[in-house]
Amino acid sequence: MTTFNDFKLERSVIQAIQDLGFEEATPIQSQTIPEALSGTDLIGQAQTGTGKTAAFSIPLIQKIEKEEQKIVSLIMAPTRELAIQVAEEINKLSKFKGIRSLPIYGGQDIVKQIRALKKKPQIIIGTPGRLLDHIRRKTIKLNDVHTVILDEADEMLDMGFMDDIQSILKLVPEERQTMLFSATMPPNIKKLAQQFLTDPKHISVAPKKVSSPNISQYYIELHERQKFEALGRLLDMESPDLAIVFGRTKRRVDELSEALKKRGYPADGLHGDLTQNQRDQVMRKFRDGSIDVLVATDVAARGLDVSGVSHVINFDLPQDPESYVHRIGRTGRAGKEGSAWTFVTPRETDHLHFIEKVTRHKIFKKPLPSFSEALEGKQKIMAERLLNVIQSKEFTQYKGISIQLLEEYDSVDILAAAFKLLTGDDKQEVRIQLTPEEPIRGKKKRQPFRRRVTSSNNGSSKSGGGYKSNYKGNSYKGSGYKGSNSNSKSSRTNRFNEGKGEKKQYQKAGRHI
Ligand SMILES: Nc1ncnc2c1ncn2[C@@H]1O[C@H](COP(=O)(O)OP(=O)(O)OP(=O)(O)O)[C@@H](O)[C@H]1O
Ligand SMILES: [Mg+2]
């Protein structure tokens, strides 16, 4: 067990960590923090939801001198929402030390950003495109940057940010510390690491199973036309606290979120074509629970940490295993349990099994939820809510009308009708039509995820304990990391040399999410 006191951090930093309620360091934190403090370059890989953000933020905050009046650190993230979230975590962790940080992302008023930059933040957290924009305008100068962090580095490459990242990093002094983080490290990371990192330490807390062990994984085989009814039934049957439903395209997300709203589900959509204002609003509503279902493209697949997400539903099968791992990783975070459900059309089952093989995790088949299972689920929830109101006794203003109705109608009839309204069943007749999506075509065969990056601490890692919370399963105990040092070279080489499509991947125009 490693506590944060073991790292000899400043009091102000320890205090902020305590304020966040972190009692023990997670495995990636206990391995990364001492290395990062020593100034070495590093590549950090650990499962979704295991605290990679704090793993790089804590040593960064410790290292920065409070008095510095210049940008000394740059963090890049693939999406605006993630940049905002990382900035918030850094804010919380640095509040007692008084470090200034600023998120910089597209879609936000640039003049406002320039004004905020004049307050001399020491840490900038941004998306590559907008960062480059500021650099070209000379409103961001990188001459004094000593630490660069790339969060979700592989995704930034996949989105076509390689050139932007290259241009940015060329402007940062070579005497710097550079760190890459992600739960997945596909082959193309090697090129980035070779180019921009110096003799990096590889820290991998990925056990054999790259997806989080806290997530129960299921799939439902069905036809495209059955998907929407299945989604409604699944939501009813499972009654998630919060759910994220992933759709393949922006159109899909728009249609799906509209359809869910029409059926009475508190849902909203998130994708890259919305205005920044709309995106902020949707995220705010989801975080504060005023909507329960977030329908999103892969824009929400990476890094987002919303507590209370109990379910992830892949309405459309993701394109590749990496995307699957990150999408489902929006649940089962920080030691909590979650479940992930994937809809698969008959022509896609091979692709699902491919994902299963690559991620080395069984995805269990479940039948389509039946009408009665859905109804039962809904009724249970509504009965609970009704009983809560009864216990609260806060319904006096409805007593008059109740007495009036009871004089005319049967009490069971009244209650049953009220239930029908409460459960939204009156809205079930609303006709819904979605534009069908093409099935995902299987890709070429690929090896399972390996420990492509390996710990170079001579196998002495004893960081198994992890959270005080209920992280369970052997994957977080010692054995999960054991031997992460063995085999390293050959496995790394194999993995990295795999697939000649590497170059092609770099040239890809980037996905639009
Ligand atoms: N030591 C800790 N103890 C308890 N909770 C922690 C600790 N470190 C981080 N957390 C919490 O765990 C959650 C997940 O952390 P974080 O978002 O950094 O995960 P991640 O590894 O970056 O995941 P992803 O791969 O999805 O980006 C956050 O809510 C964070 O506050
Ligand atoms: Mg993260």
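Here is what the cut-offs are and how they apply
Residues numbered from 1 in each chain as written. Chains lettered and ligands numbered in written order. Predicted model: local features only at pLDDT ≥ 70, side-chain atom pairs only at ≥ 80, totals over all residues. Helix = DSSP H or I, 4+ residues; strand = E, 2+ residues; numbered from the N terminus. Buried ≥ 20, exposed ≤ 12 C-beta atoms within 10 Å, placed from the backbone. Contact = placed C-beta atoms within 7 Å. Pairing = 2+ DSSP bridges. Axes fitted to C-alpha atoms, helices over the stretch in contact; angles between N-to-C directions. UniProt positions renumbered as here; feature names shortened; annotations may be inferred. Near = placed C-beta within 6 Å. Nonpolar A, V, L, I, M, F, W, Y, C, P; charged D, E, K, R; others polar. Domains from an automatic or database assignment. Parallel < 35°, antiparallel > 145°, perpendicular 65-115°, else oblique. Left-handed = near helix turned anticlockwise from the far one by under 90°. Right-handed = clockwise from strand over helix to strand, strands pointing away. Core = buried A, V, L, I, M, F, W, Y, C linked by C-beta atoms within 7 Å.

J.: So what's going on with the overall build of the protein chain? Residues and values would help.
T.: Per the secondary structure count, the protein chain includes 20 helices and 14 strands. For the protein chain, buried positions account for 45% of its 513 residues. A sequence separation of at least 24 residues applies to 80% of the contacts in the protein chain between residues at least 6 apart.

J.: Got a sec to walk through the sheet that holds strand 4 (residues 123-126)? Specific residues and values, please.
T.: If you walk across this open sheet you meet the seven strands as 3-4-2-5-6-1-7, and the pairing is parallel. Only two strands of the sheet have a single neighbouring strand rather than two, namely strand 3 (101-104) and strand 7 (201-204). Put simply, the sheet's adjacent strands are angled 15° from each other on average, direction ignored. Taken together, the four bridges between strand 2 (residues 73-76) and strand 5 (residues 147-151) define a ladder with parallel strand orientation. Each bridged residue has a counterpart across the sheet, and for Leu74 the counterpart in strand 5 is Val148.

J.: Describe in detail the sheet that holds strand 12 (residues 309-314), supporting the description with residues and values.
T.: Sheet architecture is open: seven strands sit in the order 10-11-9-12-13-8-14, paired in parallel fashion. The open sheet has two free edges, formed respectively by strand 10 (267-270) and strand 14 (364-365), since each of these has just one partner strand. Sheet topology places strand 9 (residues 242-246) next to strand 11 (residues 293-296); four bridges connect them, and they run parallel. Bridge pairing in strand 11 links Phe246 to Ala296. In this fold helix 13 (residues 321-328) packs onto strand 8 (215-221), strand 9, strand 12 and strand 13 (338-344), with an angle of close to 150° to the strand it touches most, strand 12.

J.: Go over the UniProt feature "domain: DEAD-box RNA helicase Q" (unreviewed entry) in the protein chain with me, naming the residues and quoting the values.
T.: As recorded in UniProt, the sites labelled "domain: DEAD-box RNA helicase Q" (unreviewed entry) are residues 2-30. Secondary structure across residues 2-30 divides into 45% helix and 0% strand, with the first and last C-alpha atoms of the span separated by 6 Å.

J.: Give me the site of ligand 1: which residues, what numbers.
T.: If you check the shell around ligand 1, you find 20 residues, and the closest are Thr48, Gly51, Lys52, Thr53 and Ala334. A total of three residues in the shell around ligand 1 trace back to one element, the largest contributor, which is helix 3 (residues 52-63). Tallied by class, residues from the shell around ligand 1 come to seven nonpolar, nine polar and four charged. A domain-level breakdown of the shell around ligand 1 finds at least three residues from each of domain 1 (4-204) and domain 2 (215-371).

J.: I'd like to hear about unusual backbone geometry, residue by residue, with values.
T.: Backbone geometry follows two general trends: most residues other than glycine have a negative phi, and most peptide bonds adopt the trans configuration. We note that Ser239 has phi near 35°; this positive angle belongs to a residue other than glycine. Judged by local crowding, Ser239 falls into the partly exposed class, with 17 C-beta atoms found within 10 Å. Non-glycine residue Ala334 carries a positive phi angle of around 50°.

J.: So what about the packing of helix 3 against helix 4 (residues 80-93)? Which residues, and what values?
T.: As a packed pair, helix 3 and helix 4 sit with axes 10 Å apart at the nearest point and diverge in direction by 45°. Classified by the angle between their axes, helix 3 and helix 4 sit oblique to one another. Where helix 3 crosses over helix 4, the two elements pack in a sense that is right-handed. Every residue of helix 4 that contacts helix 3 at Thr53, Ala54, Ser57, Ile58 and Ile61 is listed here: Val86, Glu89, Ile90 and Leu93. Its residues assigned to classes, the contact of helix 3 with helix 4 shows six nonpolar, two polar and one charged.

J.: So what's going on with the UniProt feature "domain: Helicase ATP-binding" (unreviewed entry) in the protein chain? Which residues, and what values?
T.: UniProt feature "domain: Helicase ATP-binding" (unreviewed entry): in the numbering of this structure it lies at residues 33-203. Helix makes up 43% of residues 33-203 and strand 18%. Its end C-alpha atoms lie 11 Å apart.

J.: Account for the pairing of strand 12, naming residues and giving values.
T.: Across a regular strand the side chains alternate sides, sitting on one face of the sheet and then on the other. Burial analysis of strand 12 places five of its six residues in the buried class, which makes it a mostly covered element. Across five bridges, strand 9 lies against strand 12 in parallel orientation. Bridge pairing links Val245 to Ile313 in strand 12. Bridge count for strand 12 against strand 13 is four bridges, and the pairing is parallel. For Asn314, the partnering residue across the bridge sits in strand 13 and is Thr342. Taking the sense of rotation as the criterion, the β-α-β connection linking strand 12, helix 13 and strand 13 turns out right-handed.

J.: Tell me about the pairing of strand 6 (residues 177-182), and name the residues and values.
T.: Among the six residues that make up strand 6, six are buried, leaving the element largely enclosed by the rest of the structure. In strand 6, alternate side chains face the same way, and those of Gln177, Met179 and Phe181 on one face and Thr178, Leu180 and Ser182 on the other are all buried. In this structure, strand 5 lies alongside strand 6, joined through five bridges in parallel fashion. Considered in strand 6, the bridge of Thr147 is made with Gln177.

J.: Please provide a residue-by-residue account of the nonpolar core, values included.
T.: One finds Ile125, Ile244, Val245, Val293, Leu294, Val295 and Ala296 to be the most contacted residues of the largest nonpolar core, which totals 116 residues. Looking at which domains feed residues into this core, each of domain 1 (4-204) and domain 2 (215-371) gives three or more. The residues contacting Ala296, other than those within four sequence positions of it, are Ile244, Phe246, Val253, Gly269, Leu270 and His271.

J.: I'd love a proper account of the packing of helix 6 (residues 128-137) against helix 8 (residues 162-170), names of residues and values included.
T.: How two helices sit against one another is set out by the angle between their axes and by the gap between those axes. Contact geometry for helix 6 and helix 8: axes closest at 9 Å, N-to-C directions at 40°. One way to sum up the angle between helix 6 and helix 8 is to call them oblique. Between helix 6 and helix 8 lies a crossing whose hand is left-handed. Along the contact surface, helix 6 presents Pro128, Gly129, Leu131, Leu132 and Ile135, while helix 8 presents Asp164, Ile165, Ser167 and Ile168.

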